[in-house]
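Here's the letter readout for the chains.
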Amino acid sequence: MNFRKVNNITGWVVFVIAYVTYLLTMEATASLWDCGEFLSTAYRLQVGHSPGAPLFMMLGRLFGVVAPSPDKVAIFINSMSALMSAFTILFLFWTITHFARKLVWKEGEQPGQGSLIAIMGAGIVGALAYAFSDTFWFSAVEAEVYATSSFFTAIVFWAVLKWEESADSPHADRWLVLIFYLTGLSIGVHLLNLLTLPAIVMVYYFKRYKSTVPGGIIAFVIGCAILGFVQFGVIQYVPIFASWFELLFVNSFGMPFNSGAIIFLVFIAALIGWLVVWSKKKGHYLLHLGVLCIAFTIIGYSSYISIVVRSKADVPIDMGNPDNVMTLIPYLQRDQYGEMPLVSGPDFDSRVVNVDEGRAIYAPVTKDGKQSYELVDHKPKYEYDHTRLFPRIHDCLDPGHVSFYRGYLGLGQDDAPSALDNQKFFWGYQVNWMYWRYIMWNYAGRQNDMEGQGEAHNGNWISGIKFVDKIAGRGDIDLMTDAYRNNKARNQLYLLPLALGIIGLVYQFNRNKKEGTIVALLFFFTGLAIVIYLNNTPMQPRERDYTYAGSTYAFAIWIGLGVLMVTDWFRKFLKGSTPALAATAICLLAVPVLMAAQEWDDHDRSEKTIARDHAYNMLMSCDKNAILITYGDNDTYPLWYLQEIEGVRTDVRIINYNLLGTDWQNEQLTFKVNDADALPVIWKPEDYRGGKLNYIPYYEDKRLPANRYFDLEEVIHFFTSPKNTMPNNPDVSYLPTKNLSVKLDKNALIKSGLVPAADSANIPAEMQFTFNDNAARRADLALMNIIAGQAKTGWTRPLYMTDGTPNLGLDAYFQSEGGLRKLVPVVKQSPVAGMAPFTDLDKNIKLQTEVFTMGKAGKNNVYYDEKNRLIFLVYRQNAAELAFALVAQNRKADAVKVLDNYMKKVSETSMPFDVLLYDRSIMYLVDAYYRSGAMDKARKVANKMVKNISDEVKYFHSLSDNMQSGTDLYIVQQNLVALNYLVNAAGQSNDTESAKKWGQTLTGLSAGIPMPQQR
């Protein structure tokens, strides 16, 4: 049989299976996290977060532009990820069959039918195992860069194997040039593809040279050096060299902006061209090949020119504002996110003793018609009182991280960490929790979709084999609440994919150690090497398994090769093609078919629209021409998608609080964006440019009376003046008072509609507030600046904030509207103690019952993961609070209407009635039903809660003593607190029978569990 023909046909069949799977399960619209941003930047060719993804942006544009309508753009760009992912599976199939063929055939022999079936079986099983793996499938169905990045990893690794096949033929090294061109292109998607380079170099070494241990070590070092050259020499230093030329030609020679960078590009192109010709002429083949590879890497990398061009156009999303080579450098080097120490660095108890000037940061300025670059800041270098080699417990600036380190390592408040503690955190948390757990999710099984930090309840791997899971500290999962026990992300793979992969690893190393080493290097560099490089801090905002998709890809090669060993086992008692057929069928059922059956329900996003719905609800909560301050990715990016692509409420100005800490975001406040006008601001660019006002401390100025409130605009002028600096540090501005005020114009407030005429008596002469921190960061100062600008222009634009946004001490002036907080400068008492008042009860009823949409969350067949459910928690809390306010106004029927509306729109399946580590809103919903007089409805929900609480306690007791973490105990305690709340709510509503029954349950469940401590 013709191997090539069978290999091609079978590969394309596997491609179709994967592609159809991803098309059927891809998200119906925008997803959470970065997807809304990527959709927006792709469709309108805008500038996303650093270090950017310009090639992904341009590819996404090709898919989005053919969408028949704006609301279909997201699904078309999502389909690009589906297509790229299917191609990844195709190239993985061909990679596995390449390795498999070399393991079972001798060169020059014709394959037998049994061997051909075994090879195809290996490719099918390995490729489909990866296709249905948890991490890869998740990225394959949304508009994120990781699917396209995986495609580049797959095609580059496949390409070097194609080179290996034809290495002895003329012109074979064209494959190597192609590899480096693809590598350059991949930089415009994500940097993960670079990690294939050491493995590629080893393929070259084993093919071209007689392998020895010293030679292998040298080749490995060369591979790492090439990786470093591309990562730093090309990606970082090509722009840095261009910036030196730019600075020289603009500042010294008086030439216009970008002239130096263009001259450098011409120079580097000429130099490379000359080297290509000269090395060819002189017969220096390796030099000629190397220069060609560098040239094509740079050509691929040139997609970044589009970032500068589009930023120069001042597009609505222009993160980092990299519109010239000087600002492109901090964008590429991710200055906004800081950096992690690798070789040497601090411990969490280290103290900064000195700050040195690091890399100079320049900004373009034009004065009197003359263009130049002005030094505005330096990237600081910190010196610590003590450091260590290979620092893993390094974050000394975040109190939450410091507390986690101490708790994880069992250290007291004054205990200093040791080298052993450093290693314990590396192996126990960074390697085991932040890497190996993800491998096990994919190929052993997953407990649930809850993000955990090591407690038994949440986020662990499981196998589905009860005694194994109990030994691993998971307890008896079948005793957990219904929501946990039936969580669709509970995937039980019984260790079968892991076992088959280990079998394949052993088989390959026994048969061909060289190729086993190549795959092992790919596995290492896309796994453990990333762990070392990222040096992750604890309590990440989301799971980071997508980072290690390359490692699970490499392991899938071994899963495929495991079929060959199983075939050999069957050959001991079966003849002909039967062993290969039997091994393929059994492995296919035991691994990819099992994985697909277990994981389809939690990867099917075809009917999920919650990210878009939540963004729509927020925009519809806003008045015309509003300013909306958001916090975090999941608040902001879906809003960007809805405005930039679907064109919904483009009059609302969206400002991400997290980005207000940058100078470029503050400068962009002065631009009009879509239909939203620029914001009136008090300060000027020279006040905050570069490192100015990054952080200013509060310093008690003895000249100012302690009990007096000072006008906010005057305070802004004070700390932006270079004359007003700390007495002991002339380079640092300071906040002279925490007591701030904003003068209020009653007529302007009423005219703008911000305050109803009926509330005019409640408008004070000035809005007084006390800043609630001992230092202000630039984001805080920028928010002050926005508020002062609003006051100065007559409050013509209402100001809203999402939950989580720091409020500077303005709590008394915030009122609830929809799911947002609205700044209304009046003194208004809430009818419910401890709760913010509502702007207008009738308006809020209408928003919640008539305007807000939750997609298909009212049904029971759509899966919402934990991050989706966090959104539902907000709506559940808001419904309960609105009901409380309505009851206080004796509007019980309306209160029931609001609660029923929530229950109808969000089913128990979509948002279970559980008490969570971070949320107890379900008990407030029960209480609201009780206060509204709907006792039957309250009792129905409460009875399910009581069952869940009972199950929680039973599960906790199933854990061995050494597996009961403090977090597990805290979860149980919070459940008991909620049960006590239900008892009191029932008692206060004269539901004495329920109160008595639940009280007895509480007494029984509380036995042996210590009372909860303040947390």
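Conventions used here
- Residues numbered from 1 in each chain as written.
- Predicted model: local features only at pLDDT ≥ 70, side-chain atom pairs only at ≥ 80, totals over all residues.
- Heavy atoms only, no water.
- Axes fitted to C-alpha atoms, helices over the stretch in contact; angles between N-to-C directions.
- Helix = DSSP H or I, 4+ residues; strand = E, 2+ residues; numbered from the N terminus.
- Parallel < 35°, antiparallel > 145°, perpendicular 65-115°, else oblique.
- Contact = heavy atoms within 4.5 Å.
- Nonpolar A, V, L, I, M, F, W, Y, C, P; charged D, E, K, R; others polar.
- 1 Å grid on protein atoms, 1.4 Å probe; cavity = no way out; pocket = protein on both sides within 12 Å on 5 of 7 lines; lining within 4 Å.
- Points joined across faces, edges and corners; volume = space filled by probe spheres on them.
- Pairing = 2+ DSSP bridges.
- Salt bridge = Lys/Arg side-chain N within 4 Å of Asp/Glu carboxyl O.
- Buried < 20%, exposed > 50% of the residue type's maximum accessible area, 1.4 Å probe, protein only.

Colleague: Please give an account of the packing of helix 35 (residues 921-931) against helix 37 (residues 966-988) that cites residues and values.
Modeller: Put simply, helix 35 and helix 37 touch, their axes get as near as 10 Å, and they point 0° apart. By the angle between their axes, helix 35 is roughly parallel relative to helix 37. Of the residues in helix 37, those touching helix 35 at Met 923, Tyr 924, Val 926, Asp 927, Tyr 930 and Arg 931 are Ala 978, Tyr 981, Leu 982, Ala 985 and Ala 986. Residue composition of the contact of helix 35 with helix 37, grouped by class: 9 nonpolar, no polar and 2 charged.

Colleague: Please give an account of empty space enclosed by the protein that cites residues and values.
Modeller: Scanning the model with the defined rule gives 5 cavities of 30 Å³ or more in all. In this model, the largest cavity occupies a volume close to 500 Å³. Lining the largest cavity are 31 residues, and of these Trp 33, Phe 138, Arg 446, Asp 865 and Lys 867 sit closest to its centre. Residue assignment for the lining of the largest cavity shows that the elements contributing at least two residues are helix 6 (134-140), helix 24 (578-603) and helix 33 (866-888). With 4 residues, the single largest contributor to the lining of the largest cavity is helix 6. Across the lining of the largest cavity, the residue classes tally to 9 nonpolar, 5 polar and 17 charged. Looking at the second largest cavity, its volume works out to about 110 Å³. Surrounding the second largest cavity, 13 residues form its lining, Ser 150, Thr 153, Leu 192, Ala 549 and Gly 550 being those nearest its centre. Of all the elements in the fold, those that place two or more residues in the lining of the second largest cavity are helix 7 (145-165) and helix 23 (549-571). A breakdown of the residues in the lining of the second largest cavity according to their chemical character gives 7 nonpolar, 6 polar and no charged.

Colleague: Which residues make up the sheet that holds strand 15 (residues 739-743), and what values do they have?
Modeller: Read across the open sheet, the 3 strands follow the order 12-15-16; overall the sheet is mixed. At either end of the open sheet lies a strand with only one pairing partner, and these are strand 12 (710-711) and strand 16 (766-770). Sheet topology places strand 15 next to strand 16; 5 bridges connect them, and they run antiparallel. Residue pairing across strands places Asn 739 opposite Thr 770, the latter belonging to strand 16.

Colleague: Tell me about the pattern of salt bridges, and name the residues and values.
Modeller: What the rule picks out here adds up to 45 salt bridges. Note that Arg 208 is salt-bridged to Asp 173, the shortest N-O span being 3.0 Å. Residue Arg 208 is found in helix 9 (residues 197-208), and its partner Asp 173 is found in the loop between helix 7 and helix 8 (174-187); the two are separated by 35 residues along the sequence. Between Asp 711 and Lys 743 there is a salt bridge whose closest N-O contact spans 3.6 Å. A residue pair is termed long-range when its members are at least 10 positions apart, and Asp 711 in strand 12 and Lys 743 in strand 15 qualify at 32 residues. By relative accessible area, Lys 743 is classed as exposed at 53%.

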